[in-house]
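Breakdown of the fold
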Amino acid sequence: MTTVYDIPADILMPALADAMAEQDAISPPDWSEYVKTAVDRERPPTQDNWWFLRTAAILRKVARNGPVGVTHLAQAFGGKKDNGVMPNTPGVASRHIIRTALQQLEDAGLVEKVPTKVVGGDEPVQLYAGRQITAAGQKLVDNIAHSMRAAADEQYPGLNKY
């Protein structure tokens, strides 16, 4: 069976974004047409389906690297922040976009929080190690990866060795 590890991201992401658009729980927020995606960007995204592409990319990252947190994903989706004459520094992506997308993926039942321990005395607080993909999310991603296998073999002929 083909998994998410076997298909390159440039082939998998459009198909996974189409699957995200079909989910009822995943929809672009009202503010999504005005927001920048990171501090190193100057303008909002110009693609119409950028929210579904970002949600699909987050789901792929969680499936490959989970459990991961919002800060790890913000660093992964960031770029280089231009500091003028000073050296460039790492720029992080918008945590609000990532957090909202993860919450929508949780509502869809594709990812879940991973509890670690409870701390505190009078009012205990649950700590989490991040989010990981659920069985339903893994099934969705693997089914899409399996359906894209022929396109991946056609575009990258060397992949059929693996």
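What comes next is a walk through the structure. (Residues numbered from 1 in each chain as written. Predicted model: local features only at pLDDT ≥ 70, side-chain atom pairs only at ≥ 80, totals over all residues. Heavy atoms only, no water.)

1. Considering the pattern of salt bridges
Under the defined criterion, the tally for this structure stands at two salt bridges. With a closest N to O distance of 2.3 Å, Arg131 and Glu106 form a salt bridge. One end of the pair, Arg131, is in strand 4 (residues 125-133); the other, Glu106, is in helix 4 (residues 95-107), with 25 residues separating them in the sequence. Residue class for Arg131 comes out buried when judged on its relative accessible area of 11%. The class for Glu106 is partly exposed, based on a relative accessible area of 27%. (Salt bridge = Lys/Arg side-chain N within 4 Å of Asp/Glu carboxyl O. Helix = DSSP H or I, 4+ residues; strand = E, 2+ residues; numbered from the N terminus. Buried < 20%, exposed > 50% of the residue type's maximum accessible area, 1.4 Å probe, protein only.)

2. A short note on the packing of helix 1 (residues 9-22) against helix 5 (residues 135-147)
Relative orientation and spacing of two packed helices are given, respectively, by the angle between their axes and the distance between those axes. Close contact between helix 1 and helix 5 brings their axes to 10 Å; oriented N to C, the two are set at 130°. When the interaxial angle is binned, helix 1 and helix 5 end up oblique. Crossing angle aside, the handedness with which helix 1 passes helix 5 is right-handed. Every residue of helix 5 that contacts helix 1 at Leu12, Ala15, Leu16, Ala19 and Met20 is listed here: Leu140, Val141, Ile144 and Ala145. By residue class, the composition of the contact of helix 1 with helix 5 is nine nonpolar, no polar and no charged. (Axes fitted to C-alpha atoms, helices over the stretch in contact; angles between N-to-C directions. Parallel < 35°, antiparallel > 145°, perpendicular 65-115°, else oblique. Left-handed = near helix turned anticlockwise from the far one by under 90°. Contact = heavy atoms within 4.5 Å. Nonpolar A, V, L, I, M, F, W, Y, C, P; charged D, E, K, R; others polar.)

Keep in mind these values describe shape, not function.
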